[in-house]
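Breakdown of the fold
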Amino acid sequence: MQVKGQSSAADKMEVSQAKQEHLLALKVMRLTKPTLFTNMPVTCEDRDLPGDLFVRLMKDDPSTVKGAETLILGEMLTLPQNFGNIFLGETFSSYISVHNDSNQVVKDILVKADLQTSSQRLNLSASNSAVSELKPECCIDDVIHHEVKEIGTHILVCAVSYTTQTGEKLYFRKFFKFQVLKPLDVKTKFYNAESDLSSVTDEVFLEAQLQNITTSPMFMEKVSLEPSMMYNVTELNNVSAGIDSESTFGRMSYLQPLDTRQYLYCLKPKPEFAEKAGVIKGVTVIGKLDIVWKTNLGERGRLQTSQLQRMAPGYGDVRLSLEMIPDTVSLEEPFDITCKITNCSERTMDLELEMCNTRSVHWCGVSGRQLGKLSPSASLSIPLTLLSSVQGLQSISGLRLTDSFLKRTYEYDDIAQVCVVCPYTSPES
């Protein structure tokens, strides 16, 4: 439920007001949720002078929890005593009341409420039409709501105009100033990784770090990523258990003050863009985060980030990726890999493949062979055979591609790694 704050809160918010005596009085109070009553229990041992006096007093106190009187948190609600904090993404609600304090009828009353921010002025009045008359001791009430979308200073400007019985037109304003704070600190990191081995493009992994910078816990109702038009997104924040899936953060997803939580998402290019390497590699806009939370008594807040951007991976004119490679190979025994060469430039290339042996890994086959012409955005798969003479985790290096048109050579080292084991060594030894 919503309750009215004390009138003292309005006095604290007020910056200035008209000095002229008016027939009407304006009161503005923020509408906010109540808080749970807290008390400081006073106890003593039975052998002390008060005996069981404190215990009996706590049991008779209607604000305490029956059977748990020594708990600080009671079971009653307390009306807000001040304006309180308001955070970005929450809804600001205010009660506006214009009361006729005079003994005469006032006519043509118009109440207007505007919210002034650093960048714009918004009209929050529910109605812009004037009330024909207001009798003595009567009032005009209005409730305004606004979802706060800017950080910093906000000024609620309430203006009242009316006409007296003598036909005199009067006007006055009141200003109420408050600060909007940031509830969450959001940081993002992007990781470009190889997607499925049949794809030409990279998957993009997004890690979103959310920190609660308020003074109260938050219930994280939803943290989702809305991808851009070229990507599909997979959320990696659930653990599958058969048919059901459970959040990695548990059933009750609470974020305590100053706690940080990481959310992970995987973005894959849509099929219609997946093979267009020249197009997808230049895409920097990934999407935007949509965050919904609730605070102590169910107040809802929502934030949506601007479009997240990453640094586009630099493939150069020619991209070399692996379609197939074994994890483990035997020492001094040949093994096969399949490389995919993609022309990422806007011109046709005539490529020549050269293989250079390293200290531990040796290429099997003919070096310096012609691969032929490769048109823009086209790909070519090449099976290759290698042999390792050293055990352990070995890096595959030594591939060279030369474009005969421009006489330009592209070098590829540390393409991938394989684990080389000796098949003659028993596990026990």
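Residues numbered from 1 in each chain as written. Predicted model: local features only at pLDDT ≥ 70, side-chain atom pairs only at ≥ 80, totals over all residues. Heavy atoms only, no water.

1. What about the pairing of strand 23 (residues 300–304)?
Applicable threshold: Exposure classes here rest on a 1.4 Å probe applied to the protein chains alone. A residue is buried below 20% of its type maximum, exposed above 50%, and partly exposed in between. To qualify as a helix, a DSSP run of H or I must reach at least 4 residues; to qualify as a strand, a run of E must reach at least 2; elements of each kind are numbered from the N terminus. Two strands pair under a simple rule: DSSP has to find at least two bridges between them.
Side chains Gly301 and Leu303 project from strand 23 onto a buried face, and the interleaved Arg300, Arg302 and Gln304 project onto a face without burial. Pairing geometry for strand 22 (residues 285–294) and strand 23, over 5 bridges, is antiparallel. Looking at strand 23, one finds that Ile291 is bridged to Leu303. Hairpin connection, strand 22 to strand 23: the antiparallel pair is bridged by 5 residues, and Gly298 has positive phi, about 90°.

2. Thoughts on the layout of surface pockets
How we decide: A 1.4 Å probe that fits into a set of points on a 1 Å grid over the protein atoms alone but cannot get out defines a cavity; an open set with protein on both sides within 12 Å along at least five of seven lines defines a pocket, and lining residues are those with an atom within 4 Å of a point. Grid points are joined across faces, edges and corners, and a volume is the space filled by probe spheres set on the points. Charged residues are taken to be Asp, Glu, Lys and Arg, nonpolar residues to be Ala, Val, Leu, Ile, Met, Phe, Trp, Tyr, Cys and Pro, and polar residues to be all remaining types, Gly included. Segmentation of the chain into domains, including their bounds, is taken from an automatic or database domain assignment.
Reported here for the largest pocket is a volume of approximately 890 Å³. For the largest pocket, the lining is made up of 36 residues, of which Thr32, Lys33, Asn85, Thr295 and Glu299 are closest to its centre. Listed by contribution, the elements that provide at least two residues to the lining of the largest pocket are strand 3 (24–32), strand 4 (35–38), strand 5 (73–78), strand 6 (86–87) and strand 7 (91–100). Split into classes, the residues belonging to the lining of the largest pocket amount to 13 nonpolar, 18 polar and 5 charged. For the lining of the largest pocket, the domains that each give at least three residues are domain 1 (24–32 + 81–181) and domain 3 (184–238 + 250–312).

3. A short note on the nonpolar core
The condition is simple: Nonpolar core, defined: a set of buried Ala, Val, Leu, Ile, Met, Phe, Trp, Tyr and Cys residues in which side-chain atoms within 4.5 Å join the residues together. Any two residues whose heavy atoms approach within 4.5 Å are treated as being in contact.
Counting 51 residues, the largest nonpolar core has Leu24, Ile109, Leu156, Val160, Tyr162, Leu184 and Met220 as the members making the most contacts within it. For Tyr162, the residues in contact, after removing those within four places along its chain, are His22, Leu23, Leu24, Val106, Lys107, Asp108, Ile109, Glu168, Lys169, Leu170 and Phe172. With 29 residues, the next largest nonpolar core counts Met349, Leu351, Leu386 and Ile396 among its residues.

4. Let's talk about the pattern of salt bridges
Operational definition: We define a salt bridge as a side-chain nitrogen of Lys or Arg found within 4 Å of a carboxyl oxygen belonging to Asp or Glu.
Summed over all chains, the structure comprises 14 salt bridges. For Arg56, the salt bridge goes to Asp52, with nearest N and O atoms at 3.4 Å. Arg400 is the partner of Asp413 in a salt bridge, and the nearest nitrogen-oxygen pair spans 3.2 Å. Of this pair, Asp413 sits in the loop between strand 34 (408–412) and strand 35 (416–421) while Arg400 sits in strand 33 (residues 399–403), and the two are 13 residues apart along the sequence. Since its relative accessible area comes to 40%, Asp413 is described here as partly exposed. On the basis of relative accessibility, which here comes to 15%, the residue Arg400 falls in the buried class. Through salt bridges with shared partners, one network takes in Asp317, Arg347, Asp403 and Arg408.

5. Topic: unusual backbone geometry
Of note in the backbone geometry, Glu137 takes a positive phi value of approximately 65° without being a glycine. One can find Glu137 in the loop between strand 10 (131–134) and strand 11 (139–147). Taking relative accessible area as the criterion, Glu137 reaches 56% and is therefore assigned exposed. Phi is positive for Ser377, close to 70°, though the residue is something other than glycine. Mapped onto the secondary structure, Ser377 falls in the loop between strand 30 (369–374) and strand 31 (379–388).

6. What about the sheet that holds strand 32 (residues 392–396)?
Just so we agree on the cut-off: Between N-to-C directions, angles span 0 to 180 degrees; the directions come from axes that are lines fitted to C-alpha atoms, helices contributing only their stretch in contact.
The mixed open sheet is built from 3 strands, whose spatial order is 26-35-32. A single partner strand is all that each edge strand has here, and the edge strands are strand 26 (328–330) and strand 32. When strand polarity is set aside, the average angle formed by the axes of neighbouring strands in this sheet is 40°. Bridging between strand 26 and strand 35 involves 3 bridges; their strand directions are parallel. Note that in strand 35 the partner of Ser330 across the bridge is Val421.

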